[in-house]
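Fold and contact review
Here is how the chains run, residue by residue.
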Amino acid sequence: MLEHTDPSQVQLTKDGELKHFITTEHLSREVLTEILDTADSFVDLGAKQVKKVPLLRGKTVVNLFFEASTRTLSTFELAAKRLSADVLNLNISTSSTSKGETLKDTLMTLHAMHSDMFVVRHSSSGAAHFIAEHVTPDVAVINAGDGRHAHPTQAMLDMLTIRQAKGAFEPLSVAIVGDILHSRVARSQIHALRTLGVEDIRVIAPNTLLPHHIESLGVKVYTNMQQGIKDVDVVMMLRLQKERMNSALLPSESEFYKLYGLTMDKLALAKPDAVVMHPGPINRGVEIASSVADCDRSLILDQVTNGIAVRMAVMSMAVSGQTKSRSNNNGTEV
Amino acid sequence: MNILIKNGRLIDPANKIDSITDLYISNGHIASINTAPEGFVADQLIDASDKIVCPGLIDICAHAREPGPSQKGSIKTESMAAVAGGITTMITPPTTNPIIDTPAVAKLIKDRCTEAGKLTIHPMGALTKALEGEQLSPMHALASSGCIAFTNSRNAIANSLVLTRCLEYAATHDFLVVFQAQDAALAQGGCMHDDSTCTRLGLNGIPESTETVEVARCLLLTEQTGVRAHFGQLSCERSVRMIAEAQERGLPVTADVSIQNLLLTDENVNGFNNNFHLIPPLRSQLDRAGLIQGLISGTIQAICSDHQPHERAAKEAPFADTEPGMIGLETLLSLSLWLVEQEMLDLPQLIEKLTLAPAAILGLDAGNLAIGRKADICIFDPKAEWMLTPETSYSRGKNTPFMDHPLKGKVTNTLHNGQVVYSAN
């Protein structure tokens, strides 16, 4: 009876350019490829003596983390600094601020300080969307992880890593293994992989760690790791998010490792040149064996390097989209 | 005070009347239909040409928020919203603050209702003290103070022995028990129907079993104890089937559904619109179809608003962090008329589900326009198009996805006890 809106539309300008980066879902292949291409151009920057480009000079980026994070926060900070932006890091624990009014007030205060970009991590799904749509539509919002919903920059750095290792996406078989239920990373990866042309996407987990109707996202579901990993090109492991496990989802870590942990034996079932990825931080001996994490097929450290490049790419694209959308709006008002 | 409602289409399902006629009201009661009583001189004339005249609506579940947080609403504000929606009787749940588990709170509500002077409020009492599911509430004293039924609201009584005792005690006094079925453990942390939309949005799901497991338990204990039972605001097709089976076995259970669960589905949550954060949640197309079918077949007797006003801040946060519920008093009739437009029900059938049926469930002397009955009347223009706007709505809450949305069918006058309590300008 009422129309429902596509949540991904809020992140695009009228011309289809990125002005926020909230989710990989429903973004076109062109936009995703543009992110990867732009990131590619930043990848080598880290190795140079002068690591900075002036794309965000004079802009203020606020890293607003309502959930603890070191790796994502520091790569966002580095990315912003390499783009010559001024960076403010705010770690706000949600336990001290009870409800949403505080979130809105915090944002309005920061907005009044003329920030140009919010990089937001929040434990509630839809938080980045809420901020972009209802709080500060004229500030670029980059989602650094919202609840179980999306972690789009992580997914795109994974895509960049896959592209570097494998070239084309279409012929690939990709398995995502572990705690799919609680994983925003898995959701964003699935959307990105599908849009980029991967047809064989598999998720591997026990039923207690699989969201209901996950197959509606276009994946094949395996509860047996040996079957699921067979002949895949890419194995993407997920962190077993112990802190989120507040109910009886698994009998024990050791049983999980036995059945779903990535060991050399299990990896042998994948293609001989299959690569292994993990968003980190890794739990050695829980979801991945040390021998696998440290082997030459593991791309875990490449992912970290690519993380900075991808974040630089989406930050520069979003600021550019915001600028254009604002000048367009000003134009129509006159 | 004499009022003449002239030339309206009178629809009174209780007396199987559907004709264009005149209605004469004298001293708060229906004095005559069609012909003027002897010596009747109208003090007030209401021209109801091209309009429907029917019993005032009875909303079997609406939160007035008093006593409680006044920023969400009060009996005064929500009464006004109710009569603007043609509602003349409102049943309020015990989840006020303080909870309705002492006669004083029930009396307070009745007094505030009389002060507001717009409609009749029948509070439901708590089934257990503080809704904690441990000790029986003083049901008899609560009933004497105006509580019309008893419910533990959405706080399912975990201990089945305590629940059994509650039902046995209620049956002793022939009190009606209302179940708003929700298994506490299965509902924990959930904010929308557990299906593919929920999975995509990464929200915590409320599985169908949250409702059906509790419906099953309550049906079994209802049968065992012989209590009169009603199921409020069903959301699942499977619940409808279980209740239909129980009715077929001869168990005298009844049920209602909120209008939003008849019109909307979980797909509406796409886009994280907080106005669709509802408990019970909007469910699948299949569930919605099952609820509509249950309404048509008579398994579900009544439609309610499940009105839950909130202040702005309660809805200004990421989806799961907002408070659930939407307002519905002012839109109940207009939205329900959609069922007639879609030819699922005819107009007299719909009006029955909004008037006579809830009166029968609760044993109320209302929802009936026979001569001598209380003149609680709703007059509406079924073709009028209008919009609820934040500026013109009466409820203190503005939280509804139907705000600024074109609606059809507008209440023009509402009478309570023979007094005009609302007139559209």
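These figures come from a predicted structure and were not determined experimentally.

In this section: the state of the cysteines. All names here are of chain B. Inspection of the entire model under this criterion finds zero disulfides over all chains. Unpaired in this structure, Cys113 has its nearest cysteine sulfur neighbour in Cys147, at a distance of 13 Å. Residue Cys113 is classed as buried on the basis of its relative accessible area of 6%. Of the cysteine sulfurs around Cys166, a residue in no disulfide, the closest is that of Cys218, at 11 Å. Classification of Cys166 by relative accessible area gives buried; the value is 0%.

What follows covers the domain arrangement of chain A. It is common to report an interface's size as the accessible area lost on association of the parts. All names here are of chain A. Once the domains are mapped, chain A shows domain 1 (7-150 + 305-324) and domain 2 (152-297). Residue-level contacts link 34 residues of domain 1 with 28 residues of domain 2. For the pair domain 1 and domain 2, the summed buried area comes to about 2400 Å², and 57% of that belongs to carbon and sulfur atoms. Together, Arg29, Leu36 and Arg148 form the three largest contributors to the area buried by domain 1 at its contact with domain 2, with a combined 28%. At the junction of domain 1 and domain 2, the tally comes to four salt bridges. For Asp40, the salt bridge identified is with Arg163, shortest N-O distance 2.8 Å. Seen at the junction of domain 1 and domain 2, the total is eleven residue pairs in polar contact (both at pLDDT 80 or more). For the side of domain 1 that touches domain 2, the element with the most residues is helix H1 (residues 29-43), which contributes nine residues.

The subject of this paragraph is the sheet that holds strand E2 (residues 86-91) of chain A. Residue and element names in this part refer to chain A. Spatial ordering of the open sheet is given by E2-E1-E3-E4, a layout of four strands whose pairing is parallel. Here the strands that pair on one side only, and so sit at the sheet edges, are E2 and strand E4 (140-146). Strand-to-strand, the axes of this sheet are offset by a mean angle of 15°, without reference to chain direction. Where strand E3 (residues 117-122) meets E4, five bridges bridge the pair, whose relative direction is parallel. Within the sheet, the bridge partner assigned to His122 lies in E4 and is Asp146. Across the sheet, helix H4 (residues 127-135) is in contact with E3 and E4; its angle to E4 comes to roughly 165°.

Glancing now at the packing of aromatic side chains. Residue and element names in this part refer to chain B. By the definition in use, this model includes five aromatic pairs over all chains. Centre to centre, the rings of Tyr24 and Phe40 are 5.1 Å apart; their planes meet at 85°, and the pair counts as edge-to-face. Highlighted residues: Tyr24 in strand E2 (residues 17-26) and Phe40 in the loop between strand E3 (29-33) and strand E4 (44-47), separated in sequence by 16 residues. You'll find Tyr24 and Phe40 in the same group, each marked buried. An angle of 40° between the planes, with centres 5.1 Å apart, marks the rings of Phe179 and Phe231 as tilted. Of this pair, Phe179 sits in strand E10 (residues 176-179) while Phe231 sits in strand E13 (residues 228-231); the two residues are 52 residues apart in sequence, bridging distant segments of the chain. The exposure class of Phe231 is buried, given its relative accessible area of 0%. The side chain of Lys410 reaches across the aromatic face of Trp386, ending 4.7 Å from its centre.

What counts as what
- Residues numbered from 1 in each chain as written.
- Chains lettered and ligands numbered in written order.
- Predicted model: local features only at pLDDT ≥ 70, side-chain atom pairs only at ≥ 80, totals over all residues.
- Heavy atoms only, no water.
- Disulfide = S-S within 2.5 Å.
- Buried < 20%, exposed > 50% of the residue type's maximum accessible area, 1.4 Å probe, protein only.
- Domains from an automatic or database assignment.
- Contact = heavy atoms within 4.5 Å.
- Buried area = accessible area lost by both parts, 1.4 Å probe.
- Salt bridge = Lys/Arg side-chain N within 4 Å of Asp/Glu carboxyl O.
- Polar contact = N/O pair within 3.5 Å; in protein donor to acceptor, adjacent residues only side chain to side chain.
- Helix = DSSP H or I, 4+ residues; strand = E, 2+ residues; numbered from the N terminus.
- Pairing = 2+ DSSP bridges.
- Axes fitted to C-alpha atoms, helices over the stretch in contact; angles between N-to-C directions.
- Phe/Tyr/Trp six-rings, centres within 6.5 Å; stacked < 30°, edge-to-face > 60°.
- Lys NZ or Arg CZ within 6 Å of the ring centre and 35° of its normal.

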